[in-house]
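Spelled out from the first residue to the last, the chains are:
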Amino acid sequence: MTTRPYQILRLARMAVSLIVAAVITVAVGAGYNCVLTRMQIVPALLACSGLWLLLWAIVTGLLGRVYCSTVCPMGTLQDVIARISRRRRGYFYTPAMPALRWVACVLGFTFLTVLLDPYSSYARIVAYLGVPVIDWLRGALGHPAARAATVSVASAVIAMSTLAFVAVFAVTRGRLLCNTLCPVGTLLGAMSRYAVYHVDINTDRCIGCGRCVEVCKSSCINPSDHTVDLSRCVVCLDCVASCRNSAITYRRGRHRLSMPMLETVGGKAGQTGQTACRRAGSAADSVRPIDRRAFIAAIVAVSASGKAFGEMTTALRPLNHVIPPGTLSLDDFMLRCTGCGACSTACVTGVIRPSDNEFGLRHALHPVMNFDYGPCRYDCVACTRVCPTGALQPLSVGEKHRTVIGKARIEPDLCIMYADGDPCGLCARRCPNGSVSIVPVDGLASSGRQRRLPLIDFDTCIGCGECRWVCPARPRAIVIEGDK
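Residues numbered from 1 in each chain as written. Predicted model: local features only at pLDDT ≥ 70, side-chain atom pairs only at ≥ 80, totals over all residues. Heavy atoms only, no water.

## Describing the overall build of the protein chain
To keep things clear, this is the line we draw: A run of H or I in DSSP counts as a helix once it spans at least four residues, and a run of E counts as a strand once it spans at least two, with each numbered from the N terminus. Residue exposure (1.4 Å probe, protein chains only): buried if accessible area is under 20% of the type maximum, exposed if over 50%, otherwise partly exposed. Contacts are assigned to residue pairs that have any heavy atoms within 4.5 Å of one another. In this description, accessible areas are obtained by the Shrake-Rupley approach with a 1.4 Å probe, and a residue is regarded as covered only by the protein chains that are shown.
Along its length, the protein chain carries 21 helices and 10 strands. With 484 residues in all, the protein chain has 52% of them scored as buried. A separation of at least 24 residues holds for 76% of the contacts in the protein chain among residues at least 6 apart in sequence. Accessible surface, the protein chain as shown: approximately 22600 Å² in total, 62% of it carbon and sulfur.

## Overview of the packing of aromatic side chains
Our working definition: Aromatic contacts are taken between Phe, Tyr and Trp rings whose centres are within 6.5 Å, Trp giving its six-membered ring; a plane angle under 30 degrees counts as stacked, one over 60 as edge-to-face, and the others as tilted.
Inspection of every chain in the model, using the stated rule, returns 3 aromatic pairs. Ring centres of phenylalanine 165 and phenylalanine 169 lie 5.0 Å apart, and the angle between their planes is 55 degrees; on these two criteria the pair is classed as tilted. Here phenylalanine 165 and its partner phenylalanine 169 are both found in helix α10 (residues 153-173), 4 residues apart, which amounts to about one turn of the helix. A relative accessible area of 25% means that phenylalanine 165 is categorised as partly exposed. We classify phenylalanine 169 as buried; its relative accessible area is 9%. A centroid spacing of 6.3 Å and a plane angle of 35 degrees characterise the contact between tyrosine 197 and tyrosine 250, whose relative ring orientation is tilted.

## Focus on unusual backbone geometry
Leave glycine aside and you will find that most residues have negative phi; peptide bonds, for their part, are mostly trans. Cis geometry marks the peptide bond from arginine 474 to proline 475; its omega dihedral reads 0 degrees. Position of proline 475 relative to the elements: it lies in the loop between α21 (466-470) and β10 (478-482). Non-glycine residue cysteine 48 carries a positive phi angle of around 60 degrees. Tracing the sequence through the fold places cysteine 48 in the loop between α3 (41-46) and α4 (50-63).

## Notes on the environment of valine 436
Here valine 436 shows up in strand β8 (residues 436-444). On a C-alpha basis, the gap between valine 436 and proline 454 in space is 6.2 Å, while along the polypeptide they are 18 residues apart. Contacts of valine 436, omitting those with residues within four sequence positions, involve Cys427, Ala428, Cys431, Pro454, Leu455 and Ile456.

## Brief notes about the pattern of salt bridges
Pairing between side chains of opposite charge can happen when the charged atoms of each approach one another. What counts, and what does not: The rule for a salt bridge is simple: a side-chain nitrogen of Lys or Arg has to be within 4 Å of a carboxyl oxygen of Asp or Glu.
On inspection of all chains with the given rule, the structure shows 9 salt bridges. When the shortest N-O distance is used, the salt bridge between arginine 10 and aspartate 238 registers 2.5 Å. Taken together, the residues arginine 10 in helix α1 (residues 3-30) and aspartate 238 in helix α13 (residues 238-242) connect sequence positions 228 residues apart. Of the two residues, arginine 10 and aspartate 238, both sit in the buried class. With a shortest N-O distance of 2.4 Å, aspartate 372 and arginine 468 are connected by a salt bridge. With a gap of 96 residues between them, aspartate 372 in the loop between β6 (367-369) and α17 (382-386) and arginine 468 in helix α21 connect regions that are remote in the sequence. In this structure, a network of salt bridges that share partners links the residues Arg10, Lys217 and Asp238.

## Considering the nonpolar core
Using the following cut-off: Throughout, nonpolar core names a set of buried Ala, Val, Leu, Ile, Met, Phe, Trp, Tyr and Cys residues whose side chains join them through atoms within 4.5 Å.
If you look at the biggest cluster of nonpolar residues, it comprises 65 residues, and the most contacted ones within it are Tyr67, Ile221 and Ile248. Broken down by element, this core gets its largest block of residues, 8 residues, from helix α9 (residues 118-140). Setting aside its immediate chain neighbours within four residues, isoleucine 221 contacts Tyr93, Cys212, Val213, Cys216, Thr227, Val228, Cys239 and Ile248. Counting residues in hydrophobic clusters, the runner-up holds 36 residues, among them Phe359, Met369, Cys376 and Val436.

## What about the pairing of β10?
Under the convention used in this document: A pair of strands is labelled paired if DSSP reports no fewer than 2 bridges between them.
β10 sits mainly inside the fold: 5 of its 5 residues count as buried. Judged by which residues are buried, β10 turns out to be covered on both faces: Ile478, Ile480 and Gly482 on one side and Val479 and Glu481 on the other are all buried. As paired elements, strand β7 (residues 406-410) and β10 share 5 bridges and run antiparallel to each other. Paired with alanine 408 across the bridge in β10 is isoleucine 480.

## A few points about the environment of leucine 330
Along the chain, leucine 330 falls in helix α15 (residues 330-336). As for leucine 330 and aspartate 483, which are separated by 153 residues in sequence, their C-alpha atoms are 9.5 Å apart. When neighbours within four sequence positions are excluded, leucine 330 is seen to be in contact with Ile323 and Lys484.

## Notes on helix α7 (residues 98-108)
Stated precisely, the cut-off is as follows: Taking the helix axis as origin, the arc is that swept by the directions to the C-beta atoms.
Those residues of α7 that fall on the buried side of the exposure criterion are Leu100, Arg101, Ala104, Cys105 and Gly108. One side of α7 holds all its buried residues, which, seen down the axis, span an arc of 135 degrees.

## Section: the packing of helix α6 (residues 73-85) against α10
To be explicit about the condition: The angle between two axes is taken between their N-to-C directions and runs from 0 to 180 degrees, where each axis is a line fitted to C-alpha atoms and a helix contributes only its stretch in contact. By definition in this entry, angles of less than 35 degrees are roughly parallel, angles greater than 145 are roughly antiparallel, angles of 65 to 115 are roughly perpendicular, and the rest are oblique. Crossings are classed by handedness, with left-handed meaning an anticlockwise turn of the near helix from the far one by less than a right angle and right-handed meaning a clockwise turn. In this classification, Asp, Glu, Lys and Arg are treated as charged, Ala, Val, Leu, Ile, Met, Phe, Trp, Tyr, Cys and Pro as nonpolar, and every other residue, Gly included, as polar.
Packing of α6 against α10 brings their axes to within 8 Å, and their N-to-C directions diverge by 60 degrees. It follows from the interaxial angle that α6 and α10 lie oblique. In this structure, α6 crosses over α10, and the sense of that crossing is right-handed. Across the interface between the two elements, Met74, Leu77, Gln78, Ile81, Ala82 and Ser85 of α6 pack against Leu163, Val166, Ala167, Ala170 and Val171 of α10. Here the contact of α6 with α10 is composed, by residue class, of 9 nonpolar, 2 polar and no charged.

## Notes on the confidence of the model for the protein chain
Condition: For every residue, the predictor assigns a confidence score, pLDDT, that lies between 0 and 100.
Looking at the protein chain as a whole, the pLDDT averages 82, with 83% of positions reaching at least 70. Considering only residues more than four positions removed or in separate chains, one finds that residues 260-314, a stretch of pLDDT under 50, has 106 contacts.

## So, α4
Convention followed: The span one expects for a helix is its residue count, reduced by one, times 1.5 Å.
Here α4 is 14 residues long and its end C-alpha atoms lie 20 Å apart, about the 20 Å a rise of 1.5 Å per residue gives. Of all the residues in α4, the buried ones are Trp56, Val59 and Thr60. When α4 is viewed along its axis, its buried side chains cluster within an angular range of 95 degrees and face the same direction. For α4, the exposed residues set more than 90 degrees away from the buried face come down to Leu51, Leu54 and Ile58. In the core, the buried residues of α4 are packed alongside α3, α5 (66-70) and α11 (183-192). A positive backbone phi angle near 90 degrees is found at glycine 64, which sits one or two residues after α4.

Following this line, the structure appears as structure tokens:
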């Protein structure tokens with residue numbers, strides 16, 4: 001295949017990656033159910049979706065890491081940032097760091113999934129940075145569909161730090177993060193070593209110009225021993241499209257030298273996953289090794305804390321935090337949720353918010369119901385439809401009506417009917433299940449009027465929070481306790 005067909009194929013790959021990233025961005029930002037979010041590897045793994053996992057295993061074994069260059073939105077974001085920055089010096093080869101890669105892979109699929117999963121990190125950037133900015137612009141322009149931003153300072157800081165961290169490495173080192181910290185990249189890289197189709201160098205045509213090394217965002221083409229680390233190659237096709245002699249190709253099998261006695265193999269004999277080639281012409285370019293200590297110091301996670309935007313109007317806090325509807329259990333929810341923020345953006349009332357420390361630092365950014373910002377709408381099931389990991393199971397409206405997420409609790413001393421004897425009863429009138437009734441209580445209030453108090457029927461209360469939201473007392477006299 002000549003250079004021009006490879007250029008067309010490269011442009012097609014770029015178009016597909018941009019379209020996929022745009023669709024995922026709109027889906028996350030608007031709270032839509034999208035198959036492209038469910039086919040991401042970590043969400044598919046947590047959702048136990050064997051079909052998608054099998055598909056990507058077959059695709060990777062056949063074509064290499066095309067997932068990273070076409071379907072992963074975080075990979076596309078890095079490519080876009082690198083393209084905008086217009087890097088002039090070009091890239092250079094860096095040796096692999098297998099120890100760091102596998103440590104990050106183990107942590108990414110166990111303890112640090114929330115931080116290291118590329119899809120969840122990208123979704124948080126959209127949900128906690130992109131959506132609030134759009135909502136603010138709509139409000140500034142007086143758009144009727146504008147809504148108040150409901151993002152905590154901690155989640156916004158983490159999303160902003162993630163974007164800045166990714167941008168710095170994308171500008172300076174291309175896809176270095178994909179080949180060091182990304183657990184998905186490490187897992188796919190282990191399979192792409194044995195891919196049927198892969199990048200191969202024809203040393204009979206190679207003139208040693210080094211263009212392929214300069215455009216390789218994965219820094220996987222070694223100019224000294226003329227090998228390609230297939231575990232780090234993301235099949236972006238930049239190298240094959242830039243070669244003017246068609247010396248580097250994407251093909252099945254390996255090129256055989258016309259003079260085999262001149263073939264030299266770098267590294268260990270018979271090393272799997274690398275393409276051996278011999279450069280004809282000039283000596284190898286110098287290689288600048290990566291400063292590992294500086295890199296490890298740069299990837300220390302940024303912890304942030306802060307109070308939520310908006311005025312906290314109540315001092316009555318729940319003893320047990322409420323999690324969104326559709327969960328099987330608290331343990332299952334904590335295991336499957338990656339804190340991507342899809343349910344938060346889909347929530348029409350803003351009651352679902354990223355947690356700060358409600359579930360501990362390990363489960364920070366997991367969604368929690370904060371009824372200071374609204375109730376859980378009785379007929380709404382949007383959050384259960386957009387979860388890509390299965391942490392929230394899809395519910396019908398009828399199932400939602402029977403799903404208990406919590407129970408309302410009354411604090412009599414804060415209730416204006418009990419403390420002051422004022423007429424109210426808004427909680428009883430607003431309850432969609434009729435679980436609140438107003439009953440007289442013995443004794444007189446401070447104003448000399450008859451005391452009355454809301455009574456909760458725990459057999460029918462589902463914890464929607466409508467009663468708390470309409471409570472006129474300040475602080476509010478009703479709190480919702482979690483049921484899980």
